Structures are given as C-alpha cells and as structure tokens.
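Residue-level structure breakdown
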Amino acid sequence: MKKYILFLLLGVGAFAQQQRDSVGNGLKWNRKVRLEYVFPVQFGDNSHAKSQKAIGGLAFSYDLLSYRKFHFGLGIQRLIFDVTDGAAMGALSNTNDTNLYSYLGYEFPINDRLTLRPEIGGGYSRVDRDIVSYAEAQDGYNLRAGLRAELRRRKAISFNAGLFFNYNRFEINTVPEYVDYFSQAQSLQISAGINIKLDHKKRKHKKR
Amino acid sequence: MKKLLLLAFAATVATSCDVNYSPETRYAFRSHLVDVNGNPLANVTTEIVASNDYDSDVISSGKTDANGDLLLVVPKVENSGTYTINYSPRNIQFRTLSVKNIPQTLFEDYTFVSNRQVDRISETVILQLNYQSSGERRLDSVSFQGLIGSRDVDYAIPDTNGEFQPPYSVYAYKNQTIQLTYTTFEYATQTTMTQTVSIPIATENLEYTLNY
C-alpha cells in the first residue's frame, strides 16, 4: 500500500513536470526543485535521541502548485544515524530514516532577493536498519513545521536555509515502558541547499 | 545469459535463508546474574543470537551492570525463529552459560526473564551419571537436592519418542552430599516408585551409576 502511495506521488510529480501554464483561478503549476543537506538535532526520551547519533542526510522537494503566495509540494528526505547503544538498538552500525511528505508554504517577500517561507507538512516515514538480512522496516508518519529563507542569486537559482520541527511516530509492539522510546522521535532539522526553477526560461520566452 | 540467470537464481536462494526480522515488534531480554552466594555479577558479556533453520545472527550484546542486571532489546525474528542467550563472564574463573533456542511463545508481555546463577569453575566438579536398568522398570524422572551448578538450558524439543531423557552430567559444588531423587515405573506391577540416593561429592570429578 505504501509503495502505491509512493508511486502515486511520483506520478503526480511527473504529471506536473509536463505542465507549464496556469490551471486557472490563480492556481499555477510550479517547476521548482530544492536539494538540501539536512541535519536533525534529535531530542526527547526516545531511541533516536538517546541511542543514536545523527550524521545528517539529503532532502529533495518539489513545489508543485502555487496559489497566490501559497505553495504546495512534495518532498523526500533520507537521514542517516549512527547507533551508539547496541543494547537498545541491536547489533547495528547505523539506521536510515526516510520521510516522504507533502507540504504547504506561504511566501513573505522581504525584498527583491530574500523571501521567508513558513511551511507545514506531513507524510509517511520508515526506519530501515542495516542488518543485511532485515526484511522489514518500521513504518510510521511524520509531521513538520518550520521556516525557510530563500535568497535569490540568479533568476532561476536561489539558496535556502531552514529550521524545521519534525515529529515522527512509528509503529511498535514492545514492553510497555519502551513503547514511547521506540515509537516516536522529535528533531529540529537544520537545512541548507539550493533551489532551481526549471521552467524559468520558457516562461520568460512566452512573455515576449 | 543463462549463466546470469543461474547466478541470479542462486543468489535468490542463498539470500532467502537469511534470518529476517520484524522491527515493529521488539522483545526485551532481562538478565540478572549472581554467583552461588547470591552476589551480583557485573561485566558479564551477554549476547543474543537470533536463529532460523538455516542461519543465525548476533543481534545484540551488552554487559551486566554492578547489580548483575542487563536489559537487551532486539527485533522480533520472523518465521518462528528462536533466540539464544550466551553469557561469557569477563572473569575466567566463571563458567560460560547459555540459554538456547528460546521460542517466542515463552515471551510474556514481549519480555523474557533470565535469572541465572553463574558458577566459579574452581568450586565445582563434574558428576558423571550412568543409568543401569534391570529391564523391569523404566526411569520417569530424576532430580537433585544440594548445591548444583548451573547448566545450559536448551528449549529445543529433542526427538525422544516420548521417553524421559535423564541428565548424564551435572556440575556439583565440592565437599557436600547431594540427594538424587528418581522415579521409576515397574512394568509387572504397573506401579510408580520414588527413591532417593545420597552421593557424596569431594574435590574431584566423579562418576556415579544409578541402578534401577
């Protein structure tokens, strides 16, 4: 089921790539992608904060639709953690979190170059472990909210930096006192990266 | 092309024997280790091995704390796989100990409790047991009273055709007399009888033959 959702989301992205023009009533298809390095600062009494150490990871997101200053998009991030407590986590060297999410952002232009963008979002999460023979992953969901600053350097390229609160909840069956420890994770995600507006030149050409 | 397909098939078969896990379920192993006097044993290296019919993985390890306690949390092994706990005291005076083939049916509230006594090698001897039947009775049970050392526990069900399998060796503490209580069933009279024999233990390994 989760794989179908992934295919569906990717399909929507592919469809949106083919669209360039307004879809009416101020609603527009976007073609803006974002690639970021993400470092999660984990906190709380849970396995991510107490039994693992974040290395960081990459995030890729895609602004699909915009309506006035609202933006809707899809994102995926993969974060790597070193296991520091084998007694709680098992004989692993690292774990990988994958967050697949949709988001809604609102643009506050500060000046010609700088834009602040608060965002909220959420979606599917999973934790993969590095034992070679692992067949299953731990599934769950994520909720995120934060602020992103985007600094435009060229017409098609801008840089971004963000600070997001990310909450994960994972499915778990275990001893009662460890349910919360293994089922949730909280982090402040610090991110920095680049935005590329893919359809910039084509739109410019059309205006002429 | 055929070789490639053959290789892919072989790889698939080979990897299908791996131990697989379901990390959405996690079991806790709680151990408490003491010596024969009840003193907690610290720094005992403990490892959990997960196994299926084809393969096994060391999936967790740790050391007991100053109170002799250790909690290890591991993912559920799929397809009725089992677990083994291996205790290896850092102090070589102590004997290693294992609890083997623990089935998942023995977990209560996702927890398996293993409270074990670990013996100093120098304080115990090996009591070798032989069983000599007259042919008129069958042996139905054997138990010991006295300072008996810990033995490995194996939860794998041996194929004994329903017959009782008595212990053939036990660790016994030196300089004591242990009581061996056994139950027999007499074929002719169809009666069950329980008897006890005393076995003096000195400072050397010994062999004892139980005639019934």
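Bear in mind the structure is a predicted one, so any value in this text is a computation, not a measurement.

**A closer look at the overall build of chain B**
Along the backbone of chain B there are 1 helix and 14 strands. The C-alpha atoms of chain B give a radius of gyration of 22 Å, which is well past the 17 Å a tight globule of 212 residues would have. Principal-axis analysis of the C-alpha atoms places the extent of chain B at approximately 70 × 50 × 35 Å. A buried classification covers 41% of the 212 residues belonging to chain B. Taking contacts inside chain B between residues at least 6 apart in sequence as the whole, the part at least 24 apart equals 70%. Surface accessibility of chain B: about 11700 Å² in total, with carbon and sulfur atoms responsible for 49%. Charge separation in chain B, taken as the distance between the mean sites of 15 positive and 23 negative side-chain charges, equals 5 Å.

**Examining a nonpolar patch on the surface**
Residue and element names in this part refer to chain A. Taken together, the side chains of Tyr37, Phe39, Val41, Phe43, Leu58, Leu163, Phe165, Leu188 and Ile190 present a nonpolar region at the surface, about 770 Å² in accessible area. Secondary-structure elements contributing two or more residues to the nonpolar patch are β2 (27–43), β9 (157–170) and β10 (184–197). In terms of residue count, β2 provides more of the nonpolar patch than any other element does, 4 residues in total. Position of Leu58 relative to the elements: it lies in strand β3 (residues 52–67).

**Comments concerning the sheet that holds strand β4 (residues 69–77) of chain B**
All names here are of chain B. On the basis of which strands lie adjacent, the open sheet formed by 3 strands has the order β4-β1-β7 and mixed pairing. Of all the strands in the sheet, just β4 and β7 (111–117) have a single pairing partner and so form its edges. Looking at each pair of strands side by side, their axes are set apart by 25° on average, direction ignored. Where strand β1 (residues 21–34) and β4 come together, 9 bridges link them in antiparallel fashion. If you follow Ala28 over to β4, its bridge partner there is Val73.

**Thoughts on the environment of Arg151 of chain B**
Residues and elements named next belong to chain B. Take Arg151: it is sitting in the loop between β9 (137–145) and β10 (153–154). By relative accessible area, which is 40% here, Arg151 ends up partly exposed. Each C-alpha atom, one on Arg151 and one on Glu24, is 33 Å from the other, the two residues being 127 residues apart in sequence. If we ignore the near neighbours within four places in the chain, the residues touching Arg151 are Leu97, Arg116, Pro167, Ser169 and Val170.

**Regarding the sheet that holds strand β8 (residues 124–132) of chain B**
In sheet architecture, strand pairing relies on hydrogen bonds along the backbone and comes in two forms, parallel and antiparallel. Residues and elements named next belong to chain B. Ordered in space as β11-β8-β14, the 3 strands form an open sheet in which the pairing is mixed. The two strands at the open ends of the sheet, each matched to only one other strand, are β11 (169–173) and β14 (206–211). Looking at each pair of strands side by side, their axes are set apart by 35° on average, direction ignored. Pairing analysis gives 5 bridges linking β8 to β11, with the strands arranged antiparallel. Note on β11: the bridge partner recorded for Val125 is Ala172.

**Quick word on a positive patch on the surface**
Where like charges cluster on the molecular surface, the positive patch consists of Lys28, Arg113, Arg152, Arg153, Arg154, Lys155 and Lys197 of chain A. Secondary-structure assignment places Arg153 of chain A in the loop between β8 (138–152) and β9.

**Describing the pattern of salt bridges**
Residues and elements named next belong to chain A. If you walk through the whole model with that rule in mind, you get 17 salt bridges over all chains. A salt bridge links Asp128 to Arg78; the nearest nitrogen and oxygen atoms lie 3.8 Å apart. Remark: Arg78 occurs in strand β4 (residues 70–83) and Asp128 occurs in strand β7 (residues 114–129); sequence separation between them is 50 residues. Put simply, Asp180 and Arg169 hold a salt bridge, and the shortest N to O gap is 3.9 Å. Within this pair, whereas Asp180 is found in helix α4 (residues 179–183), its partner Arg169 is found in strand β9, the two being separated by 11 residues in sequence. According to the relative accessible area criterion, Asp180 is partly exposed, its value standing at 42%.

**Description of the interface of chain B and chain A**
Every contact between the two is made by 24 residues of chain B and, on the other side, 24 residues of chain A. Together chain B and chain A conceal approximately 1900 Å² of surface at their shared face, both sides included; 51% is due to carbon and sulfur atoms. Interface area lost by chain B to chain A is led by Pro23, Glu24 and Arg26 of chain B, which between them contribute 37%. Glu177 of chain A is the partner of Arg30 of chain B in a salt bridge, and the nearest nitrogen-oxygen pair spans 2.4 Å. At the junction of chain B with chain A, the criterion picks out 8 residue pairs in polar contact (both at pLDDT 80 or more). For the side of chain B that touches chain A, the elements supplying multiple residues, two or more each, are β1, β3 (56–63) and β4 of chain B. At 8 residues, the largest contribution of residues to the side of chain B that touches chain A is made by β1 of chain B. Of the residues belonging to the side of chain B that touches chain A, the class tally is 11 nonpolar, 6 polar and 7 charged.

**Considerations on the packing of aromatic side chains**
The geometry of two aromatic rings is summed up by the distance between their centres and the angle between their planes. Following the criterion strictly, the structure yields 18 aromatic pairs over all chains and no others. Between Tyr106 of chain A and Phe108 of chain A, the ring centres sit 4.9 Å apart and the planes meet at 65°, which makes this aromatic pair edge-to-face. Since its relative accessible area comes to 42%, Phe108 of chain A is described here as partly exposed. Ring centres 5.8 Å apart and planes at 70° place the aromatic pair Tyr83 of chain B and Phe107 of chain B in the edge-to-face group. One end of the pair, Tyr83 of chain B, is in strand β5 (residues 82–89); the other, Phe107 of chain B, is in the loop between β6 (97–102) and β7, with 24 residues separating them in the sequence. Of the two residues, Tyr83 of chain B and Phe107 of chain B, both sit in the buried class. Taken together, the ring pairs in this structure connect Tyr27, Phe29, Tyr83, Phe107, Tyr110, Phe112 and Tyr155 of chain B into an aromatic cluster.

The rules we used
- Residues numbered from 1 in each chain as written.
- Chains lettered and ligands numbered in written order.
- Predicted model: local features only at pLDDT ≥ 70, side-chain atom pairs only at ≥ 80, totals over all residues.
- Heavy atoms only, no water.
- Helix = DSSP H or I, 4+ residues; strand = E, 2+ residues; numbered from the N terminus.
- Rg over C-alpha atoms; globule rule 2.2 N^0.38 Å.
- Buried < 20%, exposed > 50% of the residue type's maximum accessible area, 1.4 Å probe, protein only.
- Contact = heavy atoms within 4.5 Å.
- Areas by Shrake-Rupley, 256 points an atom, 1.4 Å probe, with all protein chains shown as cover.
- Lys, Arg positive; Asp, Glu negative; His and termini not counted.
- Charge placed at Lys NZ, Arg CZ, Asp CG, Glu CD.
- Patch = residues over 30% accessible without salt bridge, like charges linked within 9 Å, V, L, I, M, F, W, Y side chains within 5 Å.
- Salt bridge = Lys/Arg side-chain N within 4 Å of Asp/Glu carboxyl O.
- Pairing = 2+ DSSP bridges.
- Axes fitted to C-alpha atoms, helices over the stretch in contact; angles between N-to-C directions.
- Buried area = accessible area lost by both parts, 1.4 Å probe.
- Polar contact = N/O pair within 3.5 Å; in protein donor to acceptor, adjacent residues only side chain to side chain.
- Nonpolar A, V, L, I, M, F, W, Y, C, P; charged D, E, K, R; others polar.
- Phe/Tyr/Trp six-rings, centres within 6.5 Å; stacked < 30°, edge-to-face > 60°.

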